[in-house]
Amino acid sequence: MFHPDLLANKRILITGGGTGLGKAMAQRFLELGAAVHICGRREEVLEQTAAELSVATNGEIHAIACDVRNREAVEAMIDEIWSEAPLDILVNNAAGNFIARTEEVSPRAWESVIGIVLMGTLHCTMACGRRWLKEKRNGTVLSISTTYAPVGSAYVVPSAVSKAGVDALTRSLAVEWGNRGIRLNGIAPGPIPTQGAFSRVLPRPELEAMALDHNPMHRFGTTEELANLAAFLVSDGSSYINGEIIRMDGGEFLQGAGAFSNLGRILTDADWESLKPRKKS
Ligand code: HXC
Ligand code: NAP
């Protein structure tokens, strides 16, 4: 779908790049010519992904263990990357989530999700943004959000409040830094099967079935679809898109919003016939 050197000479950091959507984006960016850094907490997972993608794409990929909740650790990671060459693109993808009744979520659990999703995104964005501004370099930030960020969602409330903050950060800095060559955008994906997400938010077959049922296309998204949209949004091909959170969910969000969306499940062909206006004789 893209020219194979779309991301040539681009240096990209993907947080949470060892698994799931982060790994899929790493693969696509490497195929399109970028040099990629991936970070996460588990060093062995990162090393395995880096080795696998290096062979698969013949591209330049580096793995760095870093917990994005820790601001000093993020600064040290960004310093290490910058000492070789500055980044051009940051992808805030690392996240934590689980389903729970909110009244039962412990203080440590709140801190954990807010720490990864909101504070981790803030630490990485500020670490890169300050350097780009100081060096008068262009930069792009892409944050992976969720469809429920603008409206909230029951049972994933620590994630919902954190992703809403990520969206606000994206839109705010797009305006504040837009006049200095820095673009910030987001992607709000619907369900895309990954071990990390589905084991935590759709852990039972009936929950997966419910998610499919809520989707007009009756299928989940794929990691390739997500990686292609991400490649476009971080590339110079989208250079006038700034401050947007692009939903990619097969229409699931709109199906939930439309007051009459579910009529098709309830009304039969005979019902529709009987509802047609009677011809006047
Ligand atoms: C309630 C839970 C819990 C659960 C953990 N905790 N899992 N509480 N329900 N299912 C509590 C623990 O009991 C502990 O609190 C606190 O959270 C911290 O957990 P730890 O395991 O000690 O530590 P930590 O490593 O910080 O764990 C982070 C995590 C975990 C977020 C809880 O799930 C994780 O590592 N996740 C990373 C990957 C991930 O979540 N990927 C999915 C992203 S999907 P106490 O008080 O007992 O000490 C997504 C969008 C999906 O974001 C949208 C789909 C459509
Ligand atoms: P995933 O495989 O669990 O990815 C999460 C990644 O974040 C892991 O690689 C994890 O690695 C890393 N991470 C977690 N805590 C971290 C920390 N403190 N510091 C650094 N890295 C950390 O799940 P995914 O489905 O690919 O999710 C990727 C992104 O897509 C997330 O932002 C998620 O909210 C979003 N999303 C996913 C879906 C979906 O259906 N899959 C839908 C909407 C949005 P370690 O555990 O090794 O740290």
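Because the structure is a prediction, the values reported are computed rather than measured.

**Student:** Outline the nonpolar core, supporting the account with residue identities and numerical values.
**Tutor:** Core analysis: the largest hydrophobic core is formed by 31 residues, its most contacted members being Ile14, Met25, Phe29, Val36, Val91 and Ile187. Among the secondary structure elements, those contributing two or more residues to this core are β1 (11-15), α1 (20-31), β2 (35-40), α2 (43-57), β4 (89-92), β5 (139-144) and α8 (223-234). Residues contacting isoleucine 187, with those up to four places away along its chain left out, are Leu142, Ser143, Ile144, Ser145, Thr146, Leu226, Leu229, Ala230, Leu233, Ile245, Ile246 and Met248.

**Student:** Can you explain the site of ligand 2? Please cite residues and give values.
**Tutor:** Taken together, 27 residues lie near ligand 2, and Thr19, Arg41, Arg42, Asn93 and Thr194 sit nearest. One of the backbone N or O atoms of leucine 21 is found 2.8 Å from an oxygen atom in ligand 2. A distance of 3.0 Å is found between a nitrogen atom of ligand 2 and a backbone nitrogen or oxygen belonging to valine 68. If ligand 2 stood free it would expose 870 Å²; the protein chains cover 91% of that surface. At the level of elements, α1 and α6 (195-201) are the ones that each hand at least two residues to the shell around ligand 2.

**Student:** Account for the pattern of salt bridges, naming residues and giving values.
**Tutor:** Per the counting criterion, the structure on display carries 14 salt bridges. Note that aspartate 236 and lysine 10 form a salt bridge whose closest N and O atoms lie 3.0 Å from each other. Taken as a pair, aspartate 236 in the loop between α8 and β7 (245-248) and lysine 10 in the segment before β1 lie far apart in primary sequence, 226 residues in all. Look at lysine 10 and you get buried, because its relative accessible area is 17%.

**Student:** How would you summarise the packing of aromatic side chains if you had to cite specific residues and measurements?
**Tutor:** For any two aromatic rings, the description comes down to two numbers: the centre-to-centre distance and the angle of the planes. One pass over the full model with this rule turns up two aromatic pairs. Relative to tryptophan 132, the ring of tryptophan 82 lies with its centre 6.5 Å away and its plane at 50°, an arrangement referred to as tilted. Separated by 50 residues along the polypeptide, tryptophan 82 in helix α3 (residues 71-84) and tryptophan 132 in helix α4 (residues 107-135) bring together distant segments of the chain. For arginine 131, the ring lying beneath its charged end belongs to tryptophan 82, and the centroid distance is 5.9 Å.

**Student:** Give me the packing of α1 against α8: which residues, what numbers.
**Tutor:** For the pair α1 and α8, interaxial distance at closest approach is 9 Å and the crossing angle is 60°. Looking at the two axes, α1 sits oblique to α8. Handedness of the α1/α8 crossing: right-handed. Note on element contacts: α8 touches α1 through Thr223, Leu226, Ala227, Asn228, Ala230, Ala231 and Val234, opposite Leu21, Ala24, Met25, Arg28 and Phe29. When the residues that make up the contact of α1 with α8 are grouped by side-chain class, the tally is nine nonpolar, two polar and one charged.

**Student:** Go over the sheet that holds β7 with me, naming the residues and quoting the values.
**Tutor:** Pairing between the strands of a sheet comes from backbone hydrogen bonds, and it takes one of two forms, parallel or antiparallel. Reading across from one edge, β3-β2-β1-β4-β5-β6-β7 is the order of the seven strands in this open sheet, with parallel pairing throughout. Only two strands of the sheet have a single neighbouring strand rather than two, namely β3 (61-65) and β7. With direction set aside, neighbouring strand axes in the sheet form an average angle of 20°. Bridge count for strand β6 (residues 182-189) against β7 is four bridges, and the pairing is parallel. Residue pairing across strands places isoleucine 187 opposite isoleucine 246, the latter belonging to β7. The sheet strands contacting α2 are β2 and β3, and the helix crosses β3 at an angle near 180°. In the packing of α8 onto the sheet, the strands contacted are β4, β5, β6 and β7, and the crossing angle to β6 comes to about 165°.

**Student:** Describe unusual backbone geometry, listing the residues and the values that go with them.
**Tutor:** You will see that asparagine 58, though not glycine, has its phi angle at about 65°, which is positive. Here asparagine 58 lies in the loop between α2 and β3. The phi angle at tyrosine 155 is positive, at roughly 75°, despite the residue not being glycine. As for its placement among the helices and strands, tyrosine 155 is situated in the loop between β5 and α5 (157-177).

**Student:** Run through the side chain of threonine 15, naming residues and quoting values.
**Tutor:** Looking at the element boundaries, threonine 15 is found in strand β1. Among the polar contacts listed, one links the side chain of threonine 15 to the backbone nitrogen of asparagine 93, at a separation of 2.9 Å. Here threonine 15 is in contact with Cys39, Val68, Leu90, Val91, Asn92, Asn93, Ala94 and Cys124, once residues within four sequence places are set aside.

**Student:** Pulling in residues and values, what's your account of the environment of lysine 23?
**Tutor:** Summarising the element assignment, lysine 23 is placed in helix α1. A residue is classified by how much of its surface remains accessible, and lysine 23, at 22% relative accessible area, is partly exposed. Sequence separation between lysine 23 and proline 158 is 135 residues, and the spatial gap between their C-alpha atoms is 24 Å. Ignoring any residue separated from it by four or fewer positions in sequence, one finds lysine 23 in contact with Gly17, Gly18, Thr49, Glu52 and Leu53.

Thresholds, definitions, all that
- Residues numbered from 1 in each chain as written.
- Chains lettered and ligands numbered in written order.
- Predicted model: local features only at pLDDT ≥ 70, side-chain atom pairs only at ≥ 80, totals over all residues.
- Heavy atoms only, no water.
- Core = buried A, V, L, I, M, F, W, Y, C linked by side-chain atoms within 4.5 Å.
- Buried < 20%, exposed > 50% of the residue type's maximum accessible area, 1.4 Å probe, protein only.
- Helix = DSSP H or I, 4+ residues; strand = E, 2+ residues; numbered from the N terminus.
- Contact = heavy atoms within 4.5 Å.
- Near = heavy atom within 4 Å.
- Polar contact = N/O pair within 3.5 Å; in protein donor to acceptor, adjacent residues only side chain to side chain.
- Areas by Shrake-Rupley, 256 points an atom, 1.4 Å probe, with all protein chains shown as cover.
- Salt bridge = Lys/Arg side-chain N within 4 Å of Asp/Glu carboxyl O.
- Phe/Tyr/Trp six-rings, centres within 6.5 Å; stacked < 30°, edge-to-face > 60°.
- Lys NZ or Arg CZ within 6 Å of the ring centre and 35° of its normal.
- Axes fitted to C-alpha atoms, helices over the stretch in contact; angles between N-to-C directions.
- Parallel < 35°, antiparallel > 145°, perpendicular 65-115°, else oblique.
- Left-handed = near helix turned anticlockwise from the far one by under 90°.
- Nonpolar A, V, L, I, M, F, W, Y, C, P; charged D, E, K, R; others polar.
- Pairing = 2+ DSSP bridges.

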